[in-house]
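Observations on chain architecture
The residues making up each chain are set out below.
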Amino acid sequence: MSRHQPIRVVKGMRDILPPDSALWGRVEHVAREVFRAYAYQEIRTPIVEVTELFARGVGQDTDIVTKEMYTFDDRDGSSLTLRPEATASVVRSYIENRMHERPGVKKLFYMGPMFRRERPQKGRYRQFYQIGAEAIGSESPTVDAEIIEMLFVMLNRLNLQGASMLVNSVGCAQCRPVFIERLRNELEKIKDQLCLDCQRRTVTNPLRVLDCKVPEDQPLIESLPVLSGLLCEGCKQHFDEVQSYLNDRKIPFVVSPRMVRGLDYYTRTTFEIVHGNLGAQNALLGGGRYDGLSEDLGGPPAPGIGFSIGEDRFILALGSADNAESSVDLYIAWMGEAAFRHAAELARELRSHNVAVEVASDPVKLKKSLEIASRLGAPYVLIVGDDEIAQARYALKNLSNSEQQTVSREELFQRFAGPAS
Ligand code: AMP
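These notes cover the structure that comes with them. (Residues numbered from 1 in each chain as written. Predicted model: local features only at pLDDT ≥ 70, side-chain atom pairs only at ≥ 80, totals over all residues. Heavy atoms only, no water.)

**Description of the pattern of salt bridges**
Within the structure shown, the criterion is met by 27 salt bridges. Measuring nitrogen to oxygen at the nearest pair gives 3.3 Å for the salt bridge that ties E186 to K189. Placement of both E186 and K189 in helix 6 (residues 176–190) is noted, with a separation of three residues, approximately one turn of the helix. According to the relative accessible area criterion, E186 is partly exposed, its value standing at 29%. (Salt bridge = Lys/Arg side-chain N within 4 Å of Asp/Glu carboxyl O. Helix = DSSP H or I, 4+ residues; strand = E, 2+ residues; numbered from the N terminus. Buried < 20%, exposed > 50% of the residue type's maximum accessible area, 1.4 Å probe, protein only.)

Below is the structure:
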């Protein structure tokens, strides 16, 4: 490649730029507030894990593990993988740090990038971001209801309209095998009409046929049996209680009996929130119980439930334009060296009061400064020249109506930094 050819971002990955990045920050800020209100604490796990964690945690025959992971050999020959999701890492950490020895449910949240080598399209990226939570240490349906309530509080606080929730129960280690056998028998009869992946899944992991996205397979999938009729007494009661607690909280949901979600670790409650703004990739977030995951990863029994919001899709659904906010409160234009020094000092003091100030970097004409300020979205421009310094009064221009007034230093601080404390 020529030395002068510009280097481009990796396919399926992207830069999050201003002003959108401010909206990302706001979503994360609100999420943190809500997590705190529900007594969740932050966990940060590494972005790289040993490959076996995902093979065992997410499941050998899932699309994620068979097709989508970024896996590479480390220099010592061990196989490492960029995390495609975070639940397996959180449970690994739960076990490794013996969190089960502390009493009560462990409530953890995380936010950060995940990596899946999927075909890129709107709402689907190879590096994407998730905001998620896990409650580990109880199988009570009260925990399911509380975590879903927390999600709705978060969506409401961010003014997300038009989302709907689908819930299902995928059973447990007792009842699911019975269903899987029944499904396998049915699949054997229609196998030849299904896509090649589903023909393979019929043998290796029949449940995964239910998340096949190939359009031609959908009518056949619709005709397959559903799990709800085969749930064991314990799972049925659990699911009934989850629904009744959701009804108590007036949380709207639809039972979707074929939703199994694309990860093998789910047991009992699974849920997904879809949104109309998102086109083909309409799943905004997904979650569910994983009561056997800790044991699968070599840990003690530690039933848990969690969810993960696709932050990229969340931002798409919110619609960035309406939510963008200006990052600058005041732009300072100056004329001459002495005025620059004065402007820099004023800016330092205003910034120490948390006022967002931008100072012109070069001595440009006033007209040009006003143009830059307006492009930055600054509502006001302060003009500093030798006369202004001599009189200790500055010209303050309101960019929304072009009105200009003269303000003293005290008035300036009063207006932007609030009353002195
Ligand atoms: P999952 O971990 O597969 O249950 O996904 C949870 C959520 O993450 C989904 O509902 C999506 O919103 C989001 N998500 C998953 N894969 C991608 C991707 N490749 N690009 C963007 N968002 C994704």
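**What about the packing of aromatic side chains?**
Inspection of every chain in the model, using the stated rule, returns seven aromatic pairs. With a centroid separation of 5.9 Å and an interplanar angle of 75°, the aromatic rings of Y265 and Y290 are classed as edge-to-face. Here the residue Y265 occupies a position in the loop between strand 8 (254–255) and strand 9 (267–275), and Y290 occupies one in the loop between strand 10 (283–289) and helix 10 (293–296), the gap between them amounting to 25 residues. Judged on exposure class, the residue Y265 and its partner Y290 are both buried. Ring plane angle 90° and centroid distance 5.5 Å describe the contact between Y380 and F416, whose orientation is recorded as edge-to-face. (Phe/Tyr/Trp six-rings, centres within 6.5 Å; stacked < 30°, edge-to-face > 60°.)

**Some words on the nonpolar core**
Counting residues in hydrophobic clusters, the biggest one holds 49 residues, and the most contacted among them are L210 and L224. Among the secondary structure elements, those contributing two or more residues to this core are helix 2 (51–57), helix 3 (63–68), helix 4 (87–96), strand 5 (106–115), strand 6 (127–136), helix 6 and helix 8 (218–222). Contacts of L210, omitting those with residues within four sequence positions, involve F179, L183, I221, L224, R258 and V260. (Core = buried A, V, L, I, M, F, W, Y, C linked by side-chain atoms within 4.5 Å. Contact = heavy atoms within 4.5 Å.)

**Quick word on the packing of helix 5 (residues 141–157) against helix 9 (residues 233–248)**
In the contact formed by helix 5 and helix 9, the axes pass within 9 Å of each other and the chain directions differ by 40°. Taken as axis vectors, helix 5 and helix 9 run oblique relative to one another. In the crossing of helix 5 with helix 9, the sense of the turn from one axis to the other is right-handed. Residues P141, T142, D144, A145 and I148 of helix 5 pack against H238, E241, V242, Y245 and L246 of helix 9. Residues of the contact of helix 5 with helix 9, tallied by class, amount to six nonpolar, two polar and two charged. (Axes fitted to C-alpha atoms, helices over the stretch in contact; angles between N-to-C directions. Parallel < 35°, antiparallel > 145°, perpendicular 65-115°, else oblique. Left-handed = near helix turned anticlockwise from the far one by under 90°. Nonpolar A, V, L, I, M, F, W, Y, C, P; charged D, E, K, R; others polar.)

**Some remarks on the site of the ligand**
In the region of the ligand, 16 residues are neighbours, and R116, E118, Y125, R261 and A283 sit closest. Within the backbone of A283, a nitrogen or oxygen atom sits 2.9 Å from an oxygen atom of the ligand. Protein contacts shield 92% of the accessible area of the ligand, which totals 490 Å² for the unbound molecule. With four residues, the single largest contributor to the shell around the ligand is strand 10. Looking at the shell around the ligand, its residues break down into six nonpolar, five polar and five charged. (Near = heavy atom within 4 Å. Polar contact = N/O pair within 3.5 Å; in protein donor to acceptor, adjacent residues only side chain to side chain. Areas by Shrake-Rupley, 256 points an atom, 1.4 Å probe, with all protein chains shown as cover.)

**Focus: a nonpolar patch on the surface**
A cluster of nonpolar side chains, contributed by I47, V48 and F72, occupies part of the molecular surface with about 210 Å² of accessible area. On the secondary structure map, V48 appears in strand 2 (residues 48–50). (Patch = residues over 30% accessible without salt bridge, like charges linked within 9 Å, V, L, I, M, F, W, Y side chains within 5 Å.)

**Notes on unusual backbone geometry**
The peptide bond linking P18 to P19 adopts the cis configuration, its omega dihedral lying at 5°. Relative to the helices and strands, P19 is located in the segment before helix 1 (20–37). Positive phi is not limited to glycine here, since R98 has a value of about 50°. Within the secondary structure, R98 sits in the loop between helix 4 and strand 5. In this model, K250 sits at a positive phi of 55°, which is unusual for a non-glycine residue. Among the secondary structure elements, K250 is positioned in the loop between helix 9 and strand 8.

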